[in-house]
Structures are given as structure tokens and as C-alpha cells.
Amino acid sequence: MSWEEISRREYPCTCGKSTYTEIREMDDWNRNREHIIINCPTCEEKENIAKAEKERKQAENREHLKELVLEIKPYFEEHYMQKWLDYFVSAKHKKAAWMLAKEINIERQSLSSFYQSHKGLSVDDYVRSLANPHNMLKIIEVLNINDNSFIKKVEKAIDLNKSVYMLRFY
Ligand SMILES: [Zn+2]
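Residue numbers run consecutively from 1 along every chain, following the written order of its sequence. Local features in this predicted model are restricted to residues whose pLDDT is 70 or higher, and side-chain atom pairs enter the listing and the counts only when it is 80 or higher, whereas totals over whole chains, interfaces and linings include all residues. Side-chain figures throughout are based on the complete set of non-hydrogen atoms in the structure, without hydrogens or water.

Caption draft 1: Spatial organisation of the coordination of the zinc ion. Ligation of the zinc ion by protein atoms is provided by Cys13 (SG), Cys15 (SG), Cys40 (SG) and Cys43 (SG), these donors lying 2.3 to 2.4 Å from the ion. Donor atoms: N, O and S within 2.8 Å of the metal, or within 3.2 Å for Na, K and Ca. Because water is excluded, sites can look incomplete. All geometry calls rest on donor angles, where a four-donor set with angles between 85 and 135 degrees is tetrahedral, four- and six-donor sets with opposite donors more than 155 degrees apart and all others between 65 and 115 are square planar and octahedral, and all else is irregular. Coordination at the zinc ion is tetrahedral: its four donor atoms span angles of 106 to 115 degrees at the metal.

Put into C-alpha cells, the structure is as follows:
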């Protein structure tokens, strides 16, 4: 597939001493893309510093997130996993567990894709796998967990996860 240039325009750069060039292209599928060439050494330098800073921040967030997840998982395992498994005690087979998870809004898969991805796993395995940081706030609510420092950690992890995820598309 080839990209064809459809326009090329120059604009004054941020510092005003030079310009940047905005190039628009289109491919055979009529998809558009644009990119920018900074013609100003001062602005280019600034841009590079900003980019490096963004990357540094992203790496820091990712590291922090990893640490939090490493704390959240064993902490939950130690203090609340049994309570969580007990919550599913009435679910004798996988479909019942899936329905219960659906009911409390932590299961997004359809029944058929759920069967597909949990082939060979027991109900316990499934219930354990639901206890991931992404579902944790819901689980905390369902189990009536009153553990502020733990909740704060989970909230922070979810926040960081969002920012790491967003930054990836910059
Ligand atoms: Zn400039």
C-alpha cells in the first residue's frame, strides 16, 4: 500500500523564529495521515525534551504500577481470597460462576467465549482469575471490604493503568 502526499503546508513555529511543515497523505483506501517536520532547531530541541520527559514519566508510571500490582495481589490473596471464593460457593459449575460474575459486572465475555478461554479450568481457578486489579474495586464493594489503605492502592493502580494505556497512543 502506498501513501501519496496530498498537501504540504508551512506554519510559523511556536517560538516564531522559523516554521514547521505539516504534510498530509492519503493511501489507496482513502485513509489520511499527517505528520509534522519541525524546521526550527530551537523548537525541535524543545519537542525532543518534551518527548523524553513524557517517556520518562511513562516508564516511571509503568514501574509504579508494577510495584502496586505486586503488592495488591498477595495482599488480596492473604486477606480476602477465601472470602471471595466463598462468595461463589453456591456456583457448583462454571456456567453458574460466569452468571454470578456477570451479575456483579466483572465479566465481559459472552458465555461461549468464556467457555473457550477457560477450557480445562475449575470453578475455583476461574473465580481466582477474576480477582485482578481491574475488577478489584467491584470486588471490594461486593465483599464489603473496609480497608482504606488497600482501596487507595487499588485506585492508584487503576489510575496509573489508565495513564500508561493512554500515553501509549501519543
Ligand atoms: Zn521555533
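Caption draft 2: Representation of unusual backbone geometry in the model. At asparagine 30, a position not held by glycine, the phi torsion is positive, near 60 degrees. Looking at the element boundaries, asparagine 30 is found in the loop between strand S2 (19–27) and strand S3 (32–38). Helix numbers and strand numbers start at the N terminus; a helix is a DSSP run of H or I with at least 4 residues, a strand a run of E with at least 2.

Caption draft 3: Inspection of the nonpolar core at higher detail. Counting residues in hydrophobic clusters, the biggest one holds 32 residues, and the most contacted among them are Phe76, Trp84, Phe88 and Phe150. Put simply, the parts of the chain that give this core at least two residues each are helix H1 (41–79), helix H2 (81–87), helix H3 (94–103), helix H5 (123–130), helix H6 (136–142) and helix H7 (148–167). The element that contributes the greatest number of residues to this core is H7, accounting for five residues. Contacts are residue-level and defined by heavy atoms, with any inter-residue pair within 4.5 Å sufficient. Setting aside anything within four residues of it in sequence, one finds phenylalanine 76 in contact with Met81, Trp84, Ala131, Met136, Ile139 and Phe150. Remark: nonpolar core denotes a set of buried residues (Ala, Val, Leu, Ile, Met, Phe, Trp, Tyr, Cys) joined through side-chain atoms within 4.5 Å. Relative accessibility thresholds used throughout: buried, under 20% of the residue-type maximum; exposed, over 50%; partly exposed, between the two (1.4 Å probe, protein chains only).

Caption draft 4: View of H3. Listed in full, the buried residues belonging to H3 are Lys94, Ala97, Trp98, Leu100 and Ala101. Down the axis of H3, the smallest arc covering the buried residues is 165 degrees, so these residues share one side. Buried positions along H3 lie against H2, helix H4 (111–117) and H5. Once H3 finishes, asparagine 105 follows within two positions and takes phi at roughly 70 degrees, a positive value. By arc we mean the arc of the directions from the helix axis to the C-beta atoms, nothing more.

Caption draft 5: Representation of the packing of H3 against H5 in the model. What counts as an axis is a line fitted to C-alpha atoms, over the stretch in contact for a helix, and the angles between N-to-C directions run from 0 to 180 degrees. In contact at an axis separation of 9 Å, H3 and H5 are set at 20 degrees when each is read in the N-to-C sense. The angle between H3 and H5 places the two elements in the roughly parallel class. Viewed along their axes, H3 and H5 form a crossing whose handedness is right-handed. Together, Lys94, Ala97, Trp98 and Ala101 of H3 and Val123, Tyr126 and Leu130 of H5 make up the contact between the two elements. Amino acids are sorted into nonpolar (Ala, Val, Leu, Ile, Met, Phe, Trp, Tyr, Cys and Pro), charged (Asp, Glu, Lys and Arg) and polar (every other residue, Gly among them). In terms of residue class, the contact of H3 with H5 is made up of six nonpolar, no polar and one charged. If an angle is under 35 degrees, it is roughly parallel; if it is over 145, roughly antiparallel; if it lies from 65 to 115, roughly perpendicular; otherwise it is oblique. Two helices that cross are described as forming a left-handed crossing if the nearer one is turned anticlockwise from the farther one by less than a right angle, and a right-handed crossing if clockwise.

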